[in-house]
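Chain residues, written in single-letter form:
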Amino acid sequence: MDYKKISLLPLLCTIVFLSGCNQKKGTDETGNGLTSGAVVIDIEKALEEGAPQYLSQFSSEIEYIRLEMADEGLVAGNSRSYVLEDYIYTVAFRQILQFDRKTGKFIKELSHYGNDPEAYQYTLPDTPPTKSNEIYVRTGNRIKTLNSNGEIKTVASGPTEVDHSFEIEEGIFAGYVLNKSCNVKDQLIIFNRKGDIIKSFPNHQQCEPNRTNSISFRIGEGWFFTKSNDVFFKEAFNDTVFQVTKNELLPAVIFNMGEHSPSYEKKEIMEDDDYLNIYSVSNIDLNNNYVFFNIKYQGQRFSAYHNIKENQTHLAYERYAQRSSFQDDLNEFIPFSARYINDQNELVSNVEAEVLYDWFRNNPDKIGSLPKHIQSLQNIDPEDNPVVMIVKLK
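The text that follows walks through the structure, step by step, so that each part is easy to find. Note that the coordinates shown come from a computational prediction; the quantities given were computed from them, not determined experimentally.

Check the secondary structure of the protein chain and you find 4 helices and 28 strands. Out of the 394 residues in the protein chain, the part that is buried amounts to 54%. Within the structure as shown, the protein chain displays about 18,200 Å² of accessible surface, and the carbon and sulfur contribution to it stands at 45%.

And the structure:
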């Protein structure tokens, strides 16, 4: 998901914002697997030093899984693909489909939209699977999961103020509280299956409310993601990625965005033109070695990653390109834009069938030099399902 609105406070104040002055820094001993202290990524410097970036810098192979077309298996638009050990799931608005991990064969649709006990009211495309590889959905304030057999169960009843949530340990959930009214006192709350609040992390920031009659179509302003058993959280108006535990928030990654980050104070009153001169960070995910993310600035999108061990940020930049992605120098094929990292150390994305169709039509002289498994994609129809791209990380 792309978020237009983000804010930057001085780094120390950002940490104080959610966690207080006594907040501990993340270390290897805390289990987040990052280097000692928060990783700092300088966005301004990364853009200044932007250059073509290549898959071979962090991978030696890429796999393409063509998702089978079936009567009930047409993937809806704006879907997210999640690659697990045995299955691929596509999650879109009111649709969750299951495919075979190795072949892409369509298996079934999981549950359905509705009000009956076996249904859900909301799919959550930007929320990754649970630690036990189940898919989150919601009905009202009831948090539900779907397993690989399509069985649905309610795992918690969230407090009414919670916008997004994720289970951080057995029976304990973290919930993000959306602050559109600019008078919300809590930013994150910790609660149990019954919805009882165990702990809250206060929101010390203030914003100016929108007093006009305009309507906002923002879907969400905070999101959770995981690395093995660790859960992380990023709020769109904050520069810091936190590891979330039952008792504290551990700063893991700080995006230094300088003057190109809007203040939290103005987040509800910004006009469309204001967005052009700010950095919007999205599609963040990490493991022990890398932090992958996207940047949107002045109408352009840039893929980037930070090598944690080398403390070096690599941002893909191509002059005049609306979107700069990682170039496939392994096969001389289409560019790659990262979406998320799974527990198999695989970096996952997907590409629309029309993009592949156009590439083959425009590059007939290059087809013969492609590996056989990529050549097999040349009969794709522009209306086919998306193709899942899986990069094995070094």
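This part is about the pattern of salt bridges. With the rule as written, the count across this model stands at 7 salt bridges. A salt bridge links Glu63 to Arg101; the shortest N-O distance between them is 3.2 Å. Highlighted residues: Glu63 in strand E2 (residues 59-66) and Arg101 in the loop between strand E5 (95-100) and strand E6 (106-109), separated in sequence by 38 residues. Among the ionic pairs, Glu346 bridges to Arg101, the shortest N-O distance being 3.2 Å. You can see Glu346 sitting in strand E27 (residues 346-351) and its partner Arg101 sitting in the loop between E5 and E6, a full 245 residues away along the chain. Overall, the relative accessible area of 8% leaves Arg101 in the buried class. Through salt bridges that share partners, Glu63, Arg101 and Glu346 make up one connected network.

Attention shifts here to the side chain of Gln98. Locating Gln98 in the fold gives a position in strand E5. The class of Gln98 is buried, set by a relative accessible area of 0%. Engagement of the side chain of Gln98 in a polar contact is seen with the side chain of Tyr89, the distance being 3.2 Å. At 2.7 Å, the side chain of Gln98 and the side chain of Lys108 are in polar contact. When neighbours within four sequence positions are excluded, Gln98 is seen to be in contact with Tyr87, Ile88, Tyr89, Lys105, Phe106, Ile107, Lys108, Leu110 and Ser148.

Strand order in the open sheet made by the 5 strands is E1-E18-E17-E16-E15, with mixed pairing throughout. Strands with a single pairing partner mark the edges of an open sheet, and in this sheet they are strand E1 (39-42) and strand E15 (222-227). The average angle at which neighbouring strand axes cross in this sheet is 25 degrees, direction not considered. One ladder, built from 6 bridges, connects E15 with strand E16 (residues 230-235); its direction is antiparallel. Bridged to Phe224 within E16 is Phe233.

It is worth spelling out the nonpolar core at this point. Ranked by internal contacts, the top residues of the largest apolar core, which has 30 residues, are Ile41, Ile43, Val253, Phe255, Ile284, Val291 and Phe293. For this core, the secondary-structure elements that each account for two or more residues are E1, helix H2 (43-48), E15, strand E18 (249-256), strand E19 (280-286), strand E20 (290-297) and strand E21 (300-307). Top element by residues in this core is E20. It accounts for 4 residues. In this structure, Tyr290, Leu370, Leu377 and Met389 belong to the second largest nonpolar core, which totals 28 residues.

Below, the discussion takes up the sheet that holds strand E3 (residues 80-83). Spatially, 4 strands are ordered E3-E4-E5-E6 in an open sheet, and the strand pairing comes out antiparallel. Edge positions in the open sheet fall to E3 and E6, since each of these has one partner strand only. Averaged over all adjacent pairs, the angle separating strand axes in this sheet is 20 degrees, with direction ignored.

Glancing now at the state of the cysteines. Summed over all chains, the structure comprises 1 disulfide. A sulfur-sulfur separation of 2.0 Å characterises the disulfide bridge that pairs Cys182 with Cys207. Because the torsion about its S-S bond is -115 degrees, the bridge between Cys182 and Cys207 counts as left-handed. In this pair, Cys182 sits in the loop between strand E12 (172-177) and strand E13 (186-192) while Cys207 sits in the loop between strand E14 (197-202) and E15, placing the two residues 25 residues apart along the sequence.

Next up on the list: the pairing of E27. With 6 of its 6 residues buried, E27 lies for the most part within the structure. Because side chains alternate across E27, one face comprises the buried residues Glu346, Val348 and Asn350, and the other comprises Leu347, Ser349 and Val351, equally buried. Linking two consecutive strands that pair antiparallel, namely strand E26 (residues 340-341) and E27, is a turn of 4 residues; a positive phi of about 60 degrees is found at Asn345 within it. Summarising the sheet, E27 and strand E28 (residues 387-393) pair through 6 bridges and their orientation is antiparallel. Looking at the pairing, Val348 lines up with Ile390 of E28.

How each quantity is defined
Here the residue numbering is sequential within each chain, running from 1 through the sequence in written order. Per-residue local features of the predicted model are confined to residues with pLDDT of at least 70, and side-chain atom pairs are confined, for both listing and counting, to 80 or more; whole-chain, interface and lining totals are unaffected and use all residues. Side-chain measures here rest on the full set of heavy atoms in the structure, leaving out hydrogens and waters. Note on conventions: DSSP H or I runs of at least 4 residues are helices, E runs of at least 2 residues are strands, and numbering of each starts at the N terminus. Burial status follows relative accessibility: with a 1.4 Å probe on protein chains alone, a residue under 20% of its type maximum counts as buried, one over 50% as exposed, and anything between as partly exposed. Here, Shrake-Rupley sampling with a 1.4 Å probe gives the accessible areas, and only protein chains in the shown set may cover a residue. We count a salt bridge whenever a side-chain nitrogen from Lys or Arg sits within 4 Å of a carboxyl oxygen from Asp or Glu. Polar contacts, as counted here, are pairs of nitrogen or oxygen atoms within 3.5 Å of one another; within protein the pair requires one atom able to donate a hydrogen and one able to accept it, and residues that are adjacent in sequence qualify only if both atoms are side-chain atoms. It only takes one pair of heavy atoms within 4.5 Å for two residues to be counted as in contact. DSSP-based pairing: two strands are paired if at least 2 bridges between them are found. All axes here are fitted lines through C-alpha atoms, helices being fitted over the stretch that makes contact, and every angle between N-to-C directions spans 0 to 180 degrees. The definition of a nonpolar core used throughout is a set of buried Ala, Val, Leu, Ile, Met, Phe, Trp, Tyr and Cys residues joined through side-chain atoms within 4.5 Å. The definition used for a disulfide is geometric: two cysteine sulfur atoms within 2.5 Å.

Honestly, that's just the spatial picture; any functional story needs more than this.
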